[in-house]
Amino acid sequence: MERLPGFRDFYPEPLPHSDVGSADARQFIFDKWRATARRYGFREYDGPPLEPLDLFTTKSGEEIVGQLYNFTDKGKRAIALRPEMTPTLARMVAAHERNYKKPIKWFAIPQLFRYERQQKGRLREHFQFNADLIGETDPAADAELIALLIDTLRSFGLTESDFVIRLSSRNAWSDFFKQGRGDAAHEYEFYQAIDKLERASPEENEQKLTALGFSLDAVNTFIKSGKPTAELQSILDNLAARGLRDFVKVDYHVIRGLAYYTGTVFEAFDAKGEFRAIAGGGRYDNLVKLISGGKVNLPALGFGMGDVVLLELLKARGLLPKFDANVDVFILIEDENLRAPSLKLVQDLRAAGYAVEYSLTPAKSDKQFKRAQELKTTFTAKFESDAYVRIRNLKSREEIVAGANDVANHLG
Ligand code: HAM
């Protein structure tokens, strides 16, 4: 039986094959995501991986709806595996917003499912760090979130020569659209054409834009001008005060594919342009209202950072640590008469917080020692009699004999 295309198995390191995922690398990424979110005062939340289908069909926009894993359940409900977290977050916030002081700063690490064409950096399942800030319209909130995005990437050892945040604004594009007297009914269609600009051919772009009443030239001139709006300037000044200005560049190519974005939008890319987007996000000031049927109206913004592209980038830049089993002590049991006190020692050291391994069944002493070495154990410990234990530091080769109750004091 093979796994489905676009899905991953996660094995502990060392990996048995190049086409499997690393459970250790995944944990390493999650730990950094959590640690940075905590430094910025974000609290963790989660929601269900299955949601009613219409949570996504009415709110996310065509592209993601075309990629839904959806089906009818045994209760005849139309449901979908979540392709993104934002509609779930909007639903959760709308349900209990009175319990929370604003702004609400929350993060999550959901596994998401999109029936995409499998390609470099895109799978049918991925984990995504989501950080969102709800209840604040001031651009200071946008800057705070972008700073979090930058610091998350920096926590992996990536620098300004490795990545760039491309900052843009749907408001700027909306003004452009209105000045060009675009038909309001086609505004989202226009945004989608801008979103595809860098991926489609000039002929295709010209054709789409002309049909909407615009010329490719005018669009390109606007992008080239790159003049920040007052709102973007305020974000840039805020980031400059933190010393983070050099990570960000105004780039009106970015408009984002999802339908719900309203103002500031941004994406993180590797500086060399070798990979797909590392992260993307923006303001969605109307989504909570839309999802709550008008009952709750709260401005919001956030971003999502996937684990797939990030991992490729960290590998390419040599920024992943070596993952060992992290065993502190291997208890050698060479005399089976000493198994009972050995088990007690295993238990005591584990209770004291050490990672402890030993042979479950009788085994030759050289086999046990070999296993301890394979596990890159720091110490071995062996009962010499039922009262004394010989402790050996495999790194420094130092040895010491300690009382059976005194072992933890010699483990450095
Ligand atoms: P998104 O741009 O669709 O935004 O996804 C964000 C990031 O998730 C992408 O930049 C990419 O790194 C990763 N990603 C997306 N799809 C895949 C895939 N099929 N395989 C691997 N990685 C993928 C959103 O999902 C928004 N809900 C983010 C957001 C949160 N906006 C506001 N708050």
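Further up the page is the structure itself.
Residues numbered from 1 in each chain as written. Predicted model: local features only at pLDDT ≥ 70, side-chain atom pairs only at ≥ 80, totals over all residues. Heavy atoms only, no water.

## Regarding the overall build of the chain
So, point 1. Scanning the chain for helices and strands turns up 14 helices and 19 strands.
So, point 2. In terms of overall dimensions, the chain has a C-alpha envelope of 90 × 55 × 45 Å along the principal axes.
So, point 3. Expressed as a percentage of contacts within the chain between residues at least 6 apart in sequence, the contacts between residues at least 24 apart total 66%.
So, point 4. When the accessible surface of the chain is split by element, carbon and sulfur atoms take 49% of a total near 20900 Å².
So, point 5. Each charge sign in the chain was given a centre, from 58 positive and 59 negative side chains, and these centres are 2 Å apart. (Helix = DSSP H or I, 4+ residues; strand = E, 2+ residues; numbered from the N terminus. Contact = heavy atoms within 4.5 Å. Areas by Shrake-Rupley, 256 points an atom, 1.4 Å probe, with all protein chains shown as cover. Lys, Arg positive; Asp, Glu negative; His and termini not counted. Charge placed at Lys NZ, Arg CZ, Asp CG, Glu CD.)

## Description of unusual backbone geometry
So, point 1. The peptide bond linking Glu13 to Pro14 adopts the cis configuration, its omega dihedral lying at 0°.
So, point 2. One non-glycine residue, Asn326, lies in positive phi territory at about 60°.
So, point 3. Counting through the fold element by element, Asn326 comes out in the loop between α12 (307-316) and β15 (329-332).
So, point 4. The phi angle at Lys376 is positive, at roughly 55°, despite the residue not being glycine.
So, point 5. Along the chain, Lys376 turns up in the loop between α14 (365-374) and β17 (379-383).
So, point 6. Lys376 gets classed as partly exposed once you look at its relative accessible area, which sits at 43%. (Buried < 20%, exposed > 50% of the residue type's maximum accessible area, 1.4 Å probe, protein only.)

## Some details on helix α5 (residues 139-154)
So, point 1. Look at α5: 22 Å from first C-alpha to last across 16 residues, which is about the 22 Å you get at 1.5 Å a residue.
So, point 2. Burial runs high along α5: 14 of the 16 residues are buried.
So, point 3. With a side-chain oxygen lying 2.8 Å from the backbone nitrogen of Ala140, the N-terminal cap of α5 falls on Asp138. (Expected span 1.5 Å × (residues − 1). Polar contact = N/O pair within 3.5 Å; in protein donor to acceptor, adjacent residues only side chain to side chain.)

## Focus: the site of the ligand
So, point 1. The ligand sits among 26 residues. The nearest are Glu84, Thr86, Glu116, Asp132 and Tyr261.
So, point 2. At 2.6 Å, a side-chain N or O of Glu116 approaches a nitrogen atom of the ligand.
So, point 3. Asp132 places a side-chain nitrogen or oxygen 2.8 Å from a nitrogen atom of the ligand.
So, point 4. Burial of the ligand by the protein chains amounts to 96% of its free accessible area of 670 Å².
So, point 5. Elements supplying a minimum of two residues to the shell around the ligand: β9 (125-134), β13 (279-283) and β14 (300-306).
So, point 6. A breakdown of the residues in the shell around the ligand according to their chemical character gives 10 nonpolar, 10 polar and 6 charged. (Near = heavy atom within 4 Å. Nonpolar A, V, L, I, M, F, W, Y, C, P; charged D, E, K, R; others polar.)

## A short note on the pattern of salt bridges
So, point 1. Following the criterion strictly, the structure yields 27 salt bridges and no others.
So, point 2. Its salt-bridge partner being Glu144, residue Arg242 comes within 3.2 Å of it at the nearest N-O pair. Of this pair, Arg242 sits in the loop between α10 (230-241) and β11 (248-250) while Glu144 sits in helix α5, and the two are 98 residues apart along the sequence.
So, point 3. Residue Arg242 is classed as partly exposed on the basis of its relative accessible area of 33%. (Salt bridge = Lys/Arg side-chain N within 4 Å of Asp/Glu carboxyl O.)

## Here's the deal with the sheet that holds β15
So, point 1. With mixed pairing, the 5 strands of this open sheet are ordered in space as β16-β15-β17-β18-β19. Of all strands in the sheet, those bounded by a partner on one side alone are β16 (356-358) and β19 (399-403). The mean inter-strand angle of the sheet, taken between neighbouring strand axes irrespective of direction, is 25°.
So, point 2. One ladder, built from 5 bridges, connects β17 with strand β18 (residues 388-393); its direction is antiparallel. By the bridge assignment, Phe379 is partnered in β18 with Asn393.
So, point 3. Lying over the sheet, helix α13 (residues 339-351) contacts β15, β16, β17 and β18, oriented at roughly 160° with respect to β16. (Pairing = 2+ DSSP bridges. Axes fitted to C-alpha atoms, helices over the stretch in contact; angles between N-to-C directions.)

## What about the pairing of β9?
So, point 1. Counting buried positions over the 10 residues of β9 gives 10, a clear majority of the element.
So, point 2. Residues Glu125, Phe127, Phe129, Ala131 and Leu133 point to one face of β9 and His126, Gln128, Asn130, Asp132 and Ile134 to the other, with burial holding for every one of them.
So, point 3. Bridge count for strand β7 (residues 104-108) against β9 is 5 bridges, and the pairing is antiparallel. Looking at the pairing, Ala108 lines up with Asn130 of β9.
So, point 4. Pairing geometry for strand β8 (residues 111-113) and β9, over 3 bridges, is antiparallel. Residue pairing in the sheet places Gln111 in a bridge with Phe127 of β9.

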